[in-house]
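Chain by chain, the residues run as shown.
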Amino acid sequence: MIDLESKISSLMPEIRADLERLIRIPSCGFDGFDPKNVRKSAEAVAGMLSSSGLHDTRLVEIPGGHPAVFGHTPGPPGTATVLLYAHHDVQPPGPDEEWDSPPYEPTERDGRLFGRGSSDDKCGVAMHLAALRAFDGKPPVGVKVIVEGEEECTAEHLPWLFEEHAELLRADAVVIADSGVWKRGVPALTASIRGVVATKMEVRVADQSMHSGIYGGPVPDAITALSRMIASLHDDDGNVAVKGLLRRPGDAPVDYDEKEFREEAKLRPGVELLGQGALADRLWFGPSINIVGMDAPSIRDASFQVVPVATAFVTMRIAPGENAHDALQKLEQHLLANAPWGVDVAFAGDERATGHEMPTEGPVFEAAVRSLREAWGVEPVLMGMGGSVPLVPELAKAMPDAIVLLTGPGDELSAAHSVNESVDLKELERSCLAEARFLQILGAG
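Criteria and cut-off values
- Residues numbered from 1 in each chain as written.
- Predicted model: local features only at pLDDT ≥ 70, side-chain atom pairs only at ≥ 80, totals over all residues.
- Heavy atoms only, no water.
- Phe/Tyr/Trp six-rings, centres within 6.5 Å; stacked < 30°, edge-to-face > 60°.
- Helix = DSSP H or I, 4+ residues; strand = E, 2+ residues; numbered from the N terminus.
- Buried < 20%, exposed > 50% of the residue type's maximum accessible area, 1.4 Å probe, protein only.
- Core = buried A, V, L, I, M, F, W, Y, C linked by side-chain atoms within 4.5 Å.
- Contact = heavy atoms within 4.5 Å.
- Pairing = 2+ DSSP bridges.
- Axes fitted to C-alpha atoms, helices over the stretch in contact; angles between N-to-C directions.
- Parallel < 35°, antiparallel > 145°, perpendicular 65-115°, else oblique.
- Left-handed = near helix turned anticlockwise from the far one by under 90°.
- Nonpolar A, V, L, I, M, F, W, Y, C, P; charged D, E, K, R; others polar.
- Disulfide = S-S within 2.5 Å.
- Patch = residues over 30% accessible without salt bridge, like charges linked within 9 Å, V, L, I, M, F, W, Y side chains within 5 Å.
- Areas by Shrake-Rupley, 256 points an atom, 1.4 Å probe, with all protein chains shown as cover.
- Salt bridge = Lys/Arg side-chain N within 4 Å of Asp/Glu carboxyl O.
- Lys, Arg positive; Asp, Glu negative; His and termini not counted.
- Charge placed at Lys NZ, Arg CZ, Asp CG, Glu CD.

Colleague: Just checking my understanding: could you explain the packing of aromatic side chains for this structure?
Modeller: Each aromatic ring pair is described using two quantities: the centre-to-centre distance and the angle formed by the ring planes. Per the stated rule, a full pass over the model turns up 5 aromatic pairs. Ring centres of Trp182 and Tyr256 lie 5.0 Å apart, and the angle between their planes is 45°; on these two criteria the pair is classed as tilted. Within this pair, whereas Trp182 is found in the loop between β7 (173-177) and β8 (188-193), its partner Tyr256 is found in the loop between α7 (222-231) and α8 (258-265), the two being separated by 74 residues in sequence. For Trp182, a relative accessible area of 14% gives the class buried.

What follows is the structure in structure tokens.
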């Protein structure tokens, strides 16, 4: 039997080099960013997978979207097939001046590798590369790999991907490397995820701007009307005020330390936490609403006018089990009911993902728990995740009998989607070892 701990340790310099190469590619798939970089990233991933022994490696072209990468290596006769998932696209970097080192220049500090995509989710690609190379490209089970190119920017094409390539992706188990550990030194399997919906809400009071001295007072401005609608989304304690949304308090098996949580979030000392109940319950099993952007005249472009139109981008995380379509309707109905002064309101809603709960029993799940325990030397935690993975509910529909495992090396300091994103290199190595060990345990039956 292969000594996987020694093998993975010896592989980490080349795995890190590949991760750094991927971080240097600004593979942001949002509108306004060069799509050639996402394709360049996909081509780089395909080359790395192919050099790791994966057969049939190729780009999967997405009509109207960014390419994914697929590869397949059959296992010994009679063994299971495991689908390994990650994504190679990233969030926008944010302001360069807020980074301590350039976002696309991988930089090590205090045992962490910083750079956009280092944690979310190019380290997931690194995990899969390490697991394949640990067996010299001949894993003890069948392995398929799908590395998506649109996870951050859209879920629009996921149904097509699974309908068009159902047989290509079919597997007995799926490892999604897009989550994290409970905390550094303590591994985890993510057993539930929240869903997410969003809407762009336009508020209009007139067809053109007006002189605020001549019309201000009797005529409302769109920003004030929009602000009143946004303020209605929470009660005085910060609980989401939209009626009828699913909440499941009391289900979290572990909880966050409030002091540590505040420090990780880098909150100002006087800022209060929203809502009531255990922090884990609020993060994993209840709704949350954030305003992530607004279109209105900037201060630089402002003049003394009554602003005729303003738009807000409203996002809402929803509890596992909440229907995304119903939740979006409830959100928009609440906003309409709280529109003041007869203003015109228009929505452009988006049902991004339904939440999901994964099975936590059976031999595949037990193999995953064992692999994490052996890689870290401590008992893994079952946790939820406040974020969303649109792939998971699509997988559940397309492959209802497959066991889905959600894990990864991200930790409490990773700052995914924020500036100074990073991955702990020791946690990455342990994650690589755990994935290789999982394949080994499954192969041994």
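Colleague: What should I look at first to understand the nonpolar core in this one?
Modeller: Where a protein is soluble and globular, its nonpolar side chains tend to be buried together. One finds Ile8, Leu49, Val82, Leu405, Leu428 and Phe438 to be the most contacted residues of the largest nonpolar core, which totals 61 residues. Broken down by element, this core gets its largest block of residues, 10 residues, from helix α13 (residues 425-444). Here Leu405 is in contact with Val174, Val175, Ile176, Leu189, Val364, Phe365, Ala368 and Phe438, once residues within four sequence places are set aside.

Colleague: It is not clear to me how the sheet that holds strand β16 (residues 381-385) should be interpreted in this structure. Could you clarify?
Modeller: Note on sheets: strands pair through backbone hydrogen bonds, and any given pair is parallel or antiparallel. Strand order across the open sheet formed by 3 strands is β15-β8-β16, with mixed pairing between neighbours. Of all strands in the sheet, those bounded by a partner on one side alone are β15 (356-357) and β16. Bridge analysis of β8 against β15 gives 2 bridges, and the strand direction is antiparallel. Looking across to β15, one finds that Ser192 is bridged to Glu357. Helix-sheet contacts for helix α11 (residues 363-376) involve β8 and β16, and the interaxial angle to β8 is about 135°.

Colleague: Would you take a moment to explain the packing of helix α1 (residues 4-23) against helix α2 (residues 35-51) for this structure?
Modeller: At their nearest, the axes of α1 and α2 sit 10 Å apart, and the two run at 165° to each other. Here α1 lies roughly antiparallel to α2, going by the angle between them. In this structure, the crossing between α1 and α2 has a hand that is right-handed. Contacts between α1 and α2 involve Asp18, Arg21 and Leu22 on the former and, on the latter, Ser41, Ala44, Val45 and Met48. Across the contact of α1 with α2, the residue classes tally to 4 nonpolar, 1 polar and 2 charged.

Colleague: Looking at this structure, I do not really get the state of the cysteines. What am I missing?
Modeller: Note on terminology: disulfide describes a covalent bond linking the sulfur atoms of two cysteines. Applying the stated criterion across every chain yields a total of 0 disulfides. Unpaired in terms of disulfides, Cys153 finds its nearest cysteine sulfur in Cys28, a separation of 7.4 Å. Among the residues examined, Cys153 registers a relative accessible area of 13% and is labelled buried. A disulfide-free cysteine, Cys432 has its sulfur positioned 8.6 Å from the sulfur of Cys123, the nearest such atom.

Colleague: Whenever I open this one, the side chain of Ser431 confuses me. Can you help?
Modeller: Structurally, Ser431 is set in helix α13. Those residues in contact with Ser431, other than ones at most four positions away along the chain, are Met127, Trp376, Gly408 and Pro409.

Colleague: Explanation requested: the environment of Val38 in the structure shown.
Modeller: Take Val38: it is sitting in helix α2. Classification of Val38 by relative accessible area gives buried; the value is 0%. Sequence separation between Val38 and Glu429 is 391 residues, and the spatial gap between their C-alpha atoms is 26 Å. Aside from chain neighbours lying at most four places away, what touches Val38 is Ser27, Cys28, Gly29, His66, His88 and Gly149.

Colleague: Sorry if this is basic, but what is going on with unusual backbone geometry here?
Modeller: Where the residue is not glycine, phi is negative for most of them; where a peptide bond is considered, it is trans in most cases. Of note, the bond from Asp120 into Asp121 is cis; its omega dihedral lies within 30 degrees of zero at 10°. Mapping Asp121 onto the fold places it in the loop between β5 (112-114) and α3 (122-134). Positive phi values are uncommon outside glycine, yet Asp56 reaches one of about 55°. Position of Asp56 relative to the elements: it lies in strand β1 (residues 55-60).

Colleague: Help me understand the sheet that holds strand β6 (residues 142-148), please; the structure alone is not making it clear to me.
Modeller: With mixed pairing, 6 strands are arranged side by side in an open sheet as β1-β2-β6-β3-β7-β17. In this open sheet, the two strands that pair with only one neighbour each are β1 and β17 (403-407). Pairs of neighbouring strands in the sheet enclose a mean axial angle of 15°, with direction left out of account. Across 7 bridges, strand β3 (residues 81-87) lies against β6 in parallel orientation. Pairing of Tyr85 across the sheet is with Ile146, part of β6. Its contacts with the sheet put α3 on β3, β6 and β7, and the angle it makes with β3 is roughly 150°. Lying on the sheet, α13 is in contact with β3, β6, β7 and β17; it crosses β3 at an angle near 165°.

Colleague: Teacher, can you tell me more about a negative patch on the surface here?
Modeller: A contiguous patch of negative charge, built from Asp255, Asp257, Glu258, Glu260 and Glu264, is present on the exposed surface. Secondary-structure assignment places Glu264 in helix α8.

Colleague: How do you make sense of the environment of His128 when you look at a structure like this?
Modeller: Of note, His128 is situated in helix α3. For His128 and Ser52, which are 76 residues apart along the polypeptide, the C-alpha to C-alpha distance reads 9.4 Å. With residues near it in sequence (within four places) discarded, His128 still touches Leu84, Tyr85, Ala86, Val145, Val175, Ala177 and Glu435.

All quantities given are derived from atomic positions and should not be read as evidence of function.
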